[in-house]
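A closer look at the structure
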Amino acid sequence: MSSIVYYGSVISPVSLTSFKALPRCLLAVASTGNIDWIVEDVEDSMVQETMAAHGYIDVDVVCLREGEFLLPGMVDTHTHAPQVPNIGSGQQYELLDWLENITFPMESRFADLDFARRTYPLVVRRIIDSGTTTCSYYGSLHLEATKILAEIVNEYGQRAFVGKCNMDRNTPAHYIEPSAELSVSATKTLIAHIKQLPSHSHSAEPLVQPILTPRFAISCSSSLLKSLGEVAASDPNLRIQTHVSENPNEIAFTMSLFPESASYTGVYDASGLLRANTILAHAVHLNDEEIALIAERKAGISHCPTSNFNLNSGVAPIGLYLDRGIKVGLGTDVSGGYSPSILNAIQNASIASKVIAMQHRGEAPAPGAFGNRQLSVASLLYLATLGGAEVCSLEKSVGSFSPGKSFDALVVSVRNDAGNPAIWGSDSAPRDLAGMLEQFFFTGDDRNISRVYVQGKLIGGTSFSR
Ligand SMILES: O=c1[nH]c(=O)c2nc[nH]c2[nH]1
């Protein structure tokens, strides 16, 4: 790959309350796929001179057109690859019935490796083209099918974590692991398999990495959780993902299975599975002690608002978590969520925050607090990019644009020729960049994502030839 320079509009998150919107930015990507340098405001006439001052002579320049801008790639901190074929089904159920009637039957089909080989390429392609450059995937409980998933993600060049579910109890006979020992040994085999996948990048960490995936406390015996805690202790860099406090019946069942534990979150903590690189999905109904424990352990929360609405789980108090300093990112949680696109999670995160704000109408929120307020566009951008990167412990390399970071990016087009009738504007008259971002968030879809880059390499989008 040669070095390349992008010139035009660039948007990048700074904090939960601010982002940079730079209409005349020059951003250089080195042959490694890392961002080499950025000059935030360059006049047309100064482009070549500025490049030359950085030693960039005869380097290609990609000029973004009016209505196009660069955005850091989106981070999906929680999705289930084997549930993608189920998208849009089963909305009449709440979590535990939905798992039994809709989800486990579909996931169990991944015992058939031909089905996995046919399905996973479509799943991964669809997620990449939705603008997700980093994704934390749950596979099914099957070792071989999950190896296939990891291989496809690696081949397609997406940045990802891939884990197989651990489940040795409380699931149907057709979809359960025979023992804790076999569950752990299959997990170790998957970890070894993913670690030896061919690396084709200069990324600080391999693009595809394993992640421990105790599905949820209900599906794991105490001895399985304990053994997974030992696996985690042997590798502090190994990420962990699981579900927590999603649905009232799920919480009650969990507490009946672990009567010695003070809380649902405490079950994971007791096994050494709650730490700074743990991704906790949902976290809708946490109590104060659990919030304090998560903050103390520095674990992250994957906010999955579409799924939380769709399965009637509830509205997670994300503003409160942000006020407590907890890392938060967004998750599509397919197929509890009915869209593989983080744009849909952004829209529902906004609505979820408005529901909470409406419930507290008339109360004066503390100055500067996020709790009980609607999330701003800046906050939504942060959660979808840098916040997600923090939850995945990848914030040093992705989630925003700065020199030394990986160029994981989208070229977004809100031009009329993108073909999305929901986004209207004139292509000839300059449009306000922050306004374009807001329109993209609330009315955009994959037609507006023309290029998807991971580590500098084009891997998807409408202009990607496949
Ligand atoms: O939304 C969810 N989707 C799942 O697949 C799942 N498994 C346990 N808990 C879960 N919640």
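Residues numbered from 1 in each chain as written. Predicted model: local features only at pLDDT ≥ 70, side-chain atom pairs only at ≥ 80, totals over all residues. Heavy atoms only, no water.

- Looking up the chain in an unreviewed UniProt entry gives the name Guanine deaminase, with the organism given as Mycena albidolilacea.
- Of the chain, the UniProt comment under Pathway (unreviewed entry) reads exactly: "Purine metabolism; guanine degradation; xanthine from guanine: step 1/1."
- What UniProt states about the chain under its Function (unreviewed entry) heading is, verbatim, "Catalyzes the hydrolytic deamination of guanine, producing xanthine and ammonia." (UniProt positions renumbered as here; feature names shortened; annotations may be inferred.)

Concerning the overall build of the chain
- Looking only at helices and strands, one finds 14 helices and 16 strands in the chain.
- Rg of the C-alpha trace for the chain: 22 Å, near the compact-globule value of 23 Å for 466 residues, within the 12% margin.
- Taken over the C-alpha atoms alone, the chain extends approximately 70 × 55 × 40 Å along its principal axes.
- Residues classed as buried in the chain amount to 61% of the 466 residues present. (Helix = DSSP H or I, 4+ residues; strand = E, 2+ residues; numbered from the N terminus. Rg over C-alpha atoms; globule rule 2.2 N^0.38 Å. Buried < 20%, exposed > 50% of the residue type's maximum accessible area, 1.4 Å probe, protein only.)

A word on the site of the ligand
- Looking at the ligand, the residues that line it are H80, Q83, L95, W98, L99, R215, F216, H243, E246, H282 and D333.
- Side-chain polar atom of H80 to an oxygen atom of the ligand: 3.4 Å apart, as the coordinates give it.
- Here a nitrogen atom of the ligand sits 3.4 Å away from a polar atom, N or O, in the side chain of H243.
- The site holding the ligand turns out to be the largest cavity.
- If one sorts the elements of the shell around the ligand by residue count, helix α2 (residues 95-108) sits on top with 3 residues. (Near = heavy atom within 4 Å. Polar contact = N/O pair within 3.5 Å; in protein donor to acceptor, adjacent residues only side chain to side chain. 1 Å grid on protein atoms, 1.4 Å probe; cavity = no way out; pocket = protein on both sides within 12 Å on 5 of 7 lines; lining within 4 Å. Sits in = over half its atoms within 2 Å of the grid points.)

Description of the layout of surface pockets
- Taken as a whole, the largest pocket holds about 220 Å³ of empty space.
- Surrounding the largest pocket, 17 residues form its lining, K195, P206, V208, Q209 and P210 being those nearest its centre.
- The element contributing the most residues to the lining of the largest pocket is strand β9 (residues 208-212), with 3 residues.
- Class assignment for the residues of the lining of the largest pocket results in 8 nonpolar, 6 polar and 3 charged. (Points joined across faces, edges and corners; volume = space filled by probe spheres on them. Nonpolar A, V, L, I, M, F, W, Y, C, P; charged D, E, K, R; others polar.)

A short note on the state of the cysteines
- Counting across every chain of the model gives 0 disulfides.
- Take C135: it sits in no disulfide, and the sulfur closest to it among the cysteines is that of C392, at 8.7 Å. (Disulfide = S-S within 2.5 Å.)

What about α2?
- The largest bend along α2 reaches roughly 35° and is located at I102, with the proline P105 sitting one to four residues downstream.
- Within α2, the full set of buried residues consists of L95, W98, L99, I102, T103, F104, M106, E107 and S108.
- For α2, the elements touching its buried residues are β6 (74-80), α3 (113-129) and α7 (248-257). (Bend = angle between axes of the 7 residues up to and from the residue. Contact = heavy atoms within 4.5 Å.)

A few points about the pairing of strand β16 (residues 457-460)
- As paired elements, strand β15 (residues 449-454) and β16 share 3 bridges and run antiparallel to each other. Across the sheet, the residue bridging to V452 is G460, located in β16.
- Where β15 hands over to β16, the hairpin turn is made up of 2 residues, of which Q455 adopts a positive phi near 50°. (Pairing = 2+ DSSP bridges.)

Things to note about the nonpolar core
- Membership of the largest hydrophobic core comes to 120 residues, with the highest contact counts inside it found for F69, Y120, Y137 and F440.
- Here the element with the most residues in this core is helix α13 (residues 377-391); it accounts for 9 residues.
- What F440 contacts, discounting residues up to four positions off in sequence, is F69, L71, M74, L343, V412, V414, I423, D445, N448 and I449.
- Formed by 15 residues, the second largest nonpolar core is a distinct cluster that contains Y6, L22, V29 and V62. (Core = buried A, V, L, I, M, F, W, Y, C linked by side-chain atoms within 4.5 Å.)

Examining the side chain of K147
- For K147, the location among the structural elements is in helix α4 (residues 143-156).
- For K147, a relative accessible area of 15% gives the class buried.
- If we ignore the near neighbours within four places in the chain, the residues touching K147 are T189, L190 and H193.

Digging into helix α6 (residues 222-234)
- Taking 1.5 Å of rise per residue, the 13 residues of α6 would be expected to cover 18 Å, and the 19 Å separating its terminal C-alpha atoms lies within 8% of that figure.
- Residues of α6 that are buried make contact with α5 (180-195), β9, β10 (239-244) and α8 (264-270). (Expected span 1.5 Å × (residues − 1).)

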